[in-house]
Amino acid sequence: MKRSSKEIKRISRDILNDRYSVPMGAFVAASFIPMAIEIPFSMSMGNTPTDSQLIITLIAEFLITLVSFVLGCGVSLLHLNMTRSYEFKLSQIFTPFRQRTEKYFGAGFLTALLFLLGCLPVFGGLLYFYFSNDSIASRIVLVLTAVLSLVLCTYLLLTYQLVSMLLLDHPGFRVIDAFKECRLLMNHNRRRLLYLLLSFLGWDALILCSFGLAALWIAPYKNQTFVIFYLDCTGELERIPVRSYR
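Residues numbered from 1 in each chain as written. Predicted model: local features only at pLDDT ≥ 70, side-chain atom pairs only at ≥ 80, totals over all residues. Heavy atoms only, no water.

## Here we look at the overall build of the protein chain
So, point 1. From N to C terminus, the protein chain includes twelve helices and zero strands.
So, point 2. Across the protein chain, helices and strands are ordered from the amino to the carboxyl terminus as α-α-α-α-α-α-α-α-α-α-α-α.
So, point 3. The C-alpha atoms of the protein chain give 20 Å as radius of gyration, which agrees with the globular expectation for 246 residues (18 Å, within 12%).
So, point 4. Looking at the protein chain residue by residue over its 246 residues, the buried ones come to 40%.
So, point 5. If you take every contact in the protein chain between residues at least 6 apart in sequence, the share linking residues at least 24 apart comes to 73%.
So, point 6. For the protein chain, the exposed area adds up to about 13,800 Å²; of that, 68% sits on carbon and sulfur atoms.
So, point 7. One way to put it: in the protein chain the 23 positive side-chain charges average out to a point 7 Å from where the 16 negative ones average out. (Helix = DSSP H or I, 4+ residues; strand = E, 2+ residues; numbered from the N terminus. Rg over C-alpha atoms; globule rule 2.2 N^0.38 Å. Buried < 20%, exposed > 50% of the residue type's maximum accessible area, 1.4 Å probe, protein only. Contact = heavy atoms within 4.5 Å. Areas by Shrake-Rupley, 256 points an atom, 1.4 Å probe, with all protein chains shown as cover. Lys, Arg positive; Asp, Glu negative; His and termini not counted. Charge placed at Lys NZ, Arg CZ, Asp CG, Glu CD.)

Dropping the structure here:
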């Protein structure tokens with residue numbers, strides 16, 4: 001039974017009610033750990049970085065992105081446990097670093113690779129624009145390739161948004177199995193996820209207006225909402241005692 005976005009968000013608020021502190025702490029930890037790792041590399045760049053510094057920094061940034069992805073898997077685990085009435089605690093965000101670590105890093109690597117491929121059209125458009133002396137044709141090509149990359153990346157986001165939760169729930173899955181299962185799971189659900197993502201645009205604007213402070217409350221709400229959406233897609237939400245808003 002597919003629930004509306006409005007009901008999914010209300011269920012999320014019910015589950016978070018009076019239990020915000022741990023999810024909030026998980027968001028803060030998962031956000032600041034990658035930032036803390038990244039700071040030394042940014043500071044070492046200076047005003048005129050050498051080629052070797054640029055290469056090292058790019059590699060470091062990619063690895064930090066993978067760490068951030070794995071931490072995000074841990075945050076999803078905490079929210080899944082909270083929804084299922086299991087024990088949930090802040091230390092669970094590090095569970096993916098202790099169990100099947102290579103699969104979570106592999107999923108992060110494949111996700112980054114897919115989005116990099118999705119951005120290839122706009123990279124090509126930028127190169128054409130750069131070498132075409134700012135002609136009208138090059139501007140048109142740049143706009144068209146940017147739109148194409150936006151469409152491709154949006155499709156990838158809607159298709160593989162839930163891949164980390166499938167890895168968490170299916171320890172026997174290989175990375176490629178999780179991506180295949182996620183693609184099948186999102187059949188007929190991409191439009192629902194798109195609507196759910198768009199419904200948070202106002203909240204995202206509030207985060208910007210508050211200089212990020214509102215993210216302390218909004219990010220756990222979004223994470224919980226995506227977990228509820230995932231459980232709704234798999235049908236497990238029918239077996240979890242939640243209030244009905246139909």
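## Some thoughts on helix α3 (residues 51-83)
So, point 1. Taking 1.5 Å as the rise per residue, α3 with 33 residues should run 48 Å; its terminal C-alpha atoms sit 48 Å apart, in good agreement.
So, point 2. Two residues or fewer after α3 comes Ser85, characterised by a positive phi angle close to 65°. (Expected span 1.5 Å × (residues − 1).)

## Quick notes on helix α6 (residues 120-131)
So, point 1. Given a rise of 1.5 Å per residue, twelve residues ought to cover 16 Å, and the 17 Å separating the end C-alpha atoms of α6 matches this to within 8%.
So, point 2. Listed in full, the buried residues belonging to α6 are Pro121, Val122 and Gly125. Buried positions in α6, seen along its axis, are confined to an arc of 90° and lie on one side of it. Exposed residues pointing more than 90 degrees away from the buried face of α6 are listed as Leu127, Tyr130 and Phe131.
So, point 3. Turning to α6, the residues buried within the fold contact α5 (101-118) and α7 (136-160).
So, point 4. Positive backbone phi, at 55°, marks Asn133, one or two positions downstream of α6. (Arc of directions from axis to C-beta.)

Take it as geometry only, folks, not as evidence of what the structure does.
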